[in-house]
Amino acid sequence: MNSVVDVKYLKISDLNDYIKVMFDENSFLRKVYLKGEISNFKNHTRGHLYFTLKDDTSRISAVMFYNKAVGLNFKPEDGMNVLVEGRISCYQAQGTYQIYVEKMEMDGLGNLFIEYEKLKKKLASEGLFEAKYKKTIPRYPKKIGIITASTGAAIRDILSTIKRRFPICETILFPSLVQGREAAPEIVRQLKKANEYDLDVIICGRGGGSIEDLWAFNEEIVARAIFASKIPVISAVGHEVDFTIADFVADMRAPTPTGAAEMAVPTKIEIINLLNEKKSHLNTFIKNEIRNNHNKINNLKNSYVLKNPMTLYEVKEQKLDNLLDQLTKNIEGKIIESKNKLELLKNNYILKNPLNSFETKKSELRNYNLKINSIISKILEKKEHQQDLLINTLKLINPLNILDKGYSLITKDEKVIKNQNDVSINDEINIRLSKGELLAVVKEKK
């Protein structure tokens, strides 16, 4: 039997503590930058975030505590690609290593998606997507404006489709950048320029590509320019699965540039069918008109009046006689009424005795004159009596009347002297008597 060698067995917690120290003391693991996809995401009730960060072949557990997560400007969820910054350490309780995330942001496409959703929500709240603002696309346009790159598959597809379907339609190209930083302002300029032309509809778009390639059509200035266009706009951006802000604000959204051309113009077959339909309607209308007019002619030919034209004359003659009789009756009535009025005037007492009426009015006038004079006299007497009373009252309250009793009124500089303190020695004072005035000098005050 082999001898037993003394072995020191470690507790699992001791081993995990040791591994944690190794992680924490490794300078490389203190600041790690990772990119990957979120899975198994869990938002704890205390605000901590737990998730797995994975790529095509590997994964790592991750935790972001509340004090760090509260600063995020987006809501993490499964399937989201993110960029994280944090430290690698060991979670002793389970013996697993994980990244403790300190900062996290969405990976490139994710940030674009956030901007896309924010702008979409903003413009929707302003009503730019509402159906009531959508202009009708004319079914048979004479002139179409096209805003896209001057080279590439999009312009070729649009032009070939229009030429094949509706060759009589005129097209005008407004060449524009459709990708890159300068694309959005260029698209806006060309939209404004196109609105200066006599166009029936505008096709604005480009071929397929990545979200970055199509981003010019997600810019706010492009959306507002499309909304402001007085000419209907068909948005034709990318493939059928691609949706841009321009698609929502345009008057019509086409799945592809080719689809936009098909929506903008009819086919030859449609036009032929329409012409045949119009021709059929016109023939039917003409036949109905001919039949109706034929019936009218037959009715006229068979009418009693045309077969017996004198009856029409006889009716008119009889009607004329009735009118003449009525006119004569009205004239005679007016003559009789006028004669009666004339007789009344002739028998009027005033006309027969004009002087009597004059004397009567003259007598009435004389009586009115006497009454007026009497009233005026009484009023004058009353006013004279009131005047006498007022004069007597004024005399009673006149302060100068007291001078007749031997009193005098002393003033200095036209101010009444009431107290010896109102004057000084050698002041000149004026003494008003009942008759006359005296000028005196103050010699002494007592």
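Right above here is the structure, for reference.
An account of the accompanying structure is given in this report. Please read all numbers here as calculations on a predicted model, not as lab measurements.

### Let's talk about the layout of surface pockets
- Taken as a whole, the largest pocket encloses approximately 290 Å³ of empty space.
- Considering only residue class, the lining of the largest pocket consists of seven nonpolar, six polar and no charged.

### Some words on the sheet that holds strand S14 (residues 437-441)
- The strand order across the open sheet built from four strands is S12-S11-S13-S14, with neighbouring strands paired in antiparallel fashion. Both outer strands of the open sheet, strand S12 (415-416) and S14, are each paired with one neighbouring strand and no more.
- Relative to strand S13 (residues 428-432), strand S11 (residues 409-412) runs antiparallel, the two sharing three bridges. Residue pairing across strands places Leu409 opposite Arg432, the latter belonging to S13.

### Describing the nonpolar core
- Grouped together as the largest cluster of nonpolar side chains are 35 residues, with contacts concentrated most on Ile202, Phe217 and Ile226.
- Elements with a minimum of two residues in this core: helix H4 (108-125), strand S7 (170-175), helix H6 (183-194), strand S8 (201-206), helix H7 (220-228), strand S9 (233-237) and helix H8 (245-249).
- Excluding anything up to four places from it in sequence, Phe217 contacts Val178, Ile187, Cys204, Gly205, Arg206, Val237, Thr244, Ile245 and Ala246.
- Judged by nonpolar contacts, the second largest core, of 22 residues, contains Leu29, Phe51, Met64 and Val82.

### Topic: the pattern of salt bridges
- Tallied over the entire structure, the rule returns 14 salt bridges.
- Lys31 is the salt-bridge partner of Glu85, the closest N and O atoms lying 2.9 Å from each other. In this pair, Glu85 sits in strand S4 (residues 81-91) while Lys31 sits in the loop between helix H2 (27-30) and strand S1 (32-43), placing the two residues 54 residues apart along the sequence.
- Judged by its relative accessible area of 14%, Glu85 falls in the buried class.
- For Lys31, a relative accessible area of 41% gives the class partly exposed.

### As for the packing of H6 against H7
- H7 packs onto H6 with a crossing angle of 10 degrees between their chain directions and a minimal axis gap of 9 Å. The orientation of H6 relative to H7 falls into the category roughly parallel. On H7, the residues that touch Ala184, Pro185, Ile187, Val188 and Leu191 of H6 are Ile221, Val222, Ala225 and Ile226.
- Here the residues of the contact of H6 with H7 are counted per class, giving nine nonpolar, no polar and no charged.

### Remarks on the environment of Ile211
- Turning to its location among the elements, Ile211 is positioned in the loop between S8 and H7.
- When its relative accessible area of 31% is taken as the criterion, Ile211 is described as partly exposed.
- The spatial distance from the C-alpha of Ile211 to the C-alpha of Asp78 is 20 Å, given a sequence separation of 133 residues.

### Here we look at helix H5 (residues 153-165)
- Given a rise of 1.5 Å per residue, 13 residues ought to cover 18 Å, and the 18 Å separating the end C-alpha atoms of H5 matches this to within 8%.
- Every buried residue belonging to H5 is among Ala154, Ile155, Ile158, Thr161, Ile162 and Arg165, and all of these are buried. Seen from one end, H5 has its buried residues packed into an arc of 140 degrees, which puts them on one side. When the buried face of H5 is taken as reference, the exposed residues oriented beyond 90 degrees from it are Arg156, Lys163 and Arg164.
- Packed against the buried residues of H5 are strand S6 (143-148), S7, S8, helix H9 (257-264) and helix H10 (268-301).

### A look at the sheet that holds strand S2 (residues 49-54)
- Around the barrel, five strands lie side by side as S1-S2-S3-S5-S4; this closed barrel has mixed pairing. Sheet twist, expressed as the mean angle between neighbouring strand axes with direction ignored, is 50 degrees.
- As paired strands, S1 and S2 are joined by five bridges and run antiparallel to one another. By the bridge assignment, Ser39 is partnered in S2 with Thr52.

### Considering the side chain of Gln190
- Summarising the element assignment, Gln190 is placed in helix H6.
- Side-chain polar atoms of Gln190 contact the backbone oxygen of Pro175, separated by 2.4 Å.
- Those residues in contact with Gln190 that lie beyond four places of it in its chain are Ile147, Phe174, Pro175 and Ser176.

Calculation criteria
- Residues numbered from 1 in each chain as written.
- Predicted model: local features only at pLDDT ≥ 70, side-chain atom pairs only at ≥ 80, totals over all residues.
- Heavy atoms only, no water.
- 1 Å grid on protein atoms, 1.4 Å probe; cavity = no way out; pocket = protein on both sides within 12 Å on 5 of 7 lines; lining within 4 Å.
- Points joined across faces, edges and corners; volume = space filled by probe spheres on them.
- Nonpolar A, V, L, I, M, F, W, Y, C, P; charged D, E, K, R; others polar.
- Pairing = 2+ DSSP bridges.
- Helix = DSSP H or I, 4+ residues; strand = E, 2+ residues; numbered from the N terminus.
- Core = buried A, V, L, I, M, F, W, Y, C linked by side-chain atoms within 4.5 Å.
- Buried < 20%, exposed > 50% of the residue type's maximum accessible area, 1.4 Å probe, protein only.
- Contact = heavy atoms within 4.5 Å.
- Salt bridge = Lys/Arg side-chain N within 4 Å of Asp/Glu carboxyl O.
- Axes fitted to C-alpha atoms, helices over the stretch in contact; angles between N-to-C directions.
- Parallel < 35°, antiparallel > 145°, perpendicular 65-115°, else oblique.
- Expected span 1.5 Å × (residues − 1).
- Arc of directions from axis to C-beta.
- Polar contact = N/O pair within 3.5 Å; in protein donor to acceptor, adjacent residues only side chain to side chain.

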